[in-house]
Amino acid sequence: MQKAAFLDRDGVINVDHGYLYRWQDLQWMPGALEGMRQLQAQGYSLVVITNQSGIARGYYTEDDFQSLSNTMQHWLQGEGIELEGIFYCPHHPQGSEENYTQICNCRKPAPGLIIEAAKQLKLSLPDSLMVGDKVSDMQAAESAGIQQRYHLTNGEPYVGCRKVGSLLDVARAVVELERDTPAS
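For every chain, the first residue of the written sequence is number 1, and numbering continues from 1 onward in sequence order. Only residues with pLDDT of at least 70 are given local features in this predicted model, and only at 80 or more are side-chain atom pairs given and counted; all residues enter the totals for whole chains, interfaces and linings. Derived side-chain values reflect all non-hydrogen atoms in the structure, with water molecules and hydrogen atoms excluded from consideration.

Trainee: Just give me the short version of the overall build of the protein, but keep the residues and values in it.
Mentor: The secondary structure listing takes helices from DSSP runs of H or I that are at least 4 residues long and strands from runs of E that are at least 2 residues long, numbered from the N terminus. Scanning the protein from N- to C-terminus turns up 6 helices and 6 strands. Starting at the N terminus and ending at the C terminus, the protein contains elements arranged as β-α-β-α-α-β-α-β-α-β-β-α. For a compact globule the rule gives 2.2 Å times the number of residues to the power 0.38, and the radius of gyration it is set against comes from C-alpha atoms. Here the C-alpha atoms of the protein give a radius of gyration of 16 Å, agreeing with the 16 Å that 2.2 N^0.38 yields for 184 residues. With respect to the principal axes defined by its C-alpha atoms, the protein has extents near 55 × 35 × 35 Å. Throughout this description, buried means an accessible area under 20% of the type-specific maximum (1.4 Å probe, protein chains only), exposed means over 50%, and partly exposed covers the range between. Looking at the protein residue by residue over its 184 residues, the buried ones come to 48%. Any two residues whose heavy atoms approach within 4.5 Å at even a single point are treated as in contact. Across the protein, contacts joining residues at least 24 apart in sequence account for 63% of those joining residues at least 6 apart. Residue burial considers only the protein chains on display, and all accessible areas are found by Shrake-Rupley using a 1.4 Å probe. Of the roughly 9,000 Å² of accessible surface on the protein, a fraction of 47% belongs to carbon and sulfur atoms. Charged residues are defined here as Lys and Arg on the positive side and Asp and Glu on the negative side; His and the ends of the chain fall outside this count. Charge positions come from single atoms, namely NZ of Lys, CZ of Arg, CG of Asp or CD of Glu. For the protein, the distance from the average position of its 15 positive side-chain charges to the average position of its 23 negative side-chain charges is 4 Å.

Laid out in structure tokens, this is it:
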């Protein structure tokens, strides 16, 4: 079983301008690319876990989301960064698109996306970590049994989470943690 770095997309990988679905509007977060490179070099599979309520709200389609995701994965490959998967929830309880307006187990803070990704990709949740910028990201990781939770926030981190300012900070923290943990 492989360890993974589960990464929220908006606010962690890219700047969260709200309802991103076009490649030309994507702006990388400071430290995101180098952080992903370093986490990958440390043996983590990179897996994106993202709520995409813009689909349920009718702001963009699943095809729009898939197009952006495919372009982003291809571009990152050119930078030496391999995303093992992108798992998303298109639902929202107050959506305007009937097929997507629902309560589900995949919308964070529910752990459904993380559990499904772990199952499909054969990932070890106890050996994995989660990076998110919202409390719902941290709650989903906690419910899924992920012990290493990094909250990218300017405020107080969610209980039991380490506060970080970027993905690069996470990669550095992981190196420190591994250095300070005695071998069994």
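Trainee: Residues and numbers for the side chain of Ser136, please.
Mentor: Assignment of secondary structure puts Ser136 in helix 5 (residues 135-144). The exposure class assigned to Ser136 is buried, which follows from its relative accessible area of 18%.

Trainee: Can you explain the nonpolar core? Please cite residues and give values.
Mentor: Met36, Leu39, Leu129 and Leu167 are the most contacted members of the largest nonpolar core, which has 35 residues in total. Of all the secondary structure elements, the ones that give two or more residues to this core are strand 1 (4-7), helix 1 (32-41), strand 2 (45-51), helix 3 (62-78), strand 3 (83-89), strand 4 (129-132), strand 5 (148-152) and helix 6 (167-180). Residue contributions to this core peak at 5 residues, all from helix 6. Excluding anything up to four places from it in sequence, Leu167 contacts Leu7, Val12, Ile13, Gly31, Ala32, Gly35, Met36, Leu39, Val131 and Leu152. Buried residues of nine kinds, namely Ala, Val, Leu, Ile, Met, Phe, Trp, Tyr and Cys, make up a nonpolar core once their side-chain atoms join them within 4.5 Å. Of all hydrophobic cores here, the second largest spans 20 residues; its members include Leu123, Met130, Ala144 and Ile146.

Trainee: Before we move on, could you go through the environment of Asn105 and cite the residues and values that matter?
Mentor: Mapping Asn105 onto the fold places it in the loop between strand 3 and helix 4 (112-121). Distance in space between the C-alpha atoms of Asn105 and Leu83 is 23 Å, their sequence separation being 22 residues. Residue contacts for Asn105: discarding those within four places in its chain leaves Ala110, Pro111, Gly112 and Leu113.

Trainee: Any chance you could break down the pattern of salt bridges for me, citing the residues and the numbers?
Mentor: The term salt bridge refers to a pairing of a side-chain nitrogen on Lys or Arg with a carboxyl oxygen on Asp or Glu at a separation within 4 Å. All told, the structure shown has 10 salt bridges when counted by the stated rule. Close ionic contact of Asp10 with Arg9 constitutes a salt bridge, the shortest N to O distance being 2.9 Å. Across the pair, Arg9 and Asp10 agree in class, each one buried. Here Glu34 and Arg37 are joined by a salt bridge, their closest N and O atoms 3.2 Å apart. Of the two residues, Glu34 and Arg37 both sit in helix 1, 3 residues apart, roughly one turn of that helix.

Trainee: Give a description of the sheet that holds strand 6 (residues 162-164) that names residues and reports values.
Mentor: Strands pair, by our definition, only if DSSP identifies at least two bridges between them. Across the sheet, which stays open at both edges, the 6 strands sit in the order 3-2-1-4-5-6 with parallel pairing between neighbours. Pairing within the sheet leaves two strands with one partner each, and these edge strands are strand 3 and strand 6. Strand-to-strand twist in this sheet, taken as the mean axis angle between neighbours without regard to direction, amounts to 20 degrees. Where strand 5 and strand 6 come together, 3 bridges link them in parallel fashion. Bridge assignment links His151 to a residue of strand 6, and that residue is Lys163. Only C-alpha atoms enter the line fits that serve as axes; for helices the fit covers just the stretch in contact. Angles between N-to-C directions range over 0 to 180 degrees. Helix 1 contacts strand 1, strand 2, strand 3 and strand 4 of the sheet and is inclined by roughly 130 degrees relative to strand 2.

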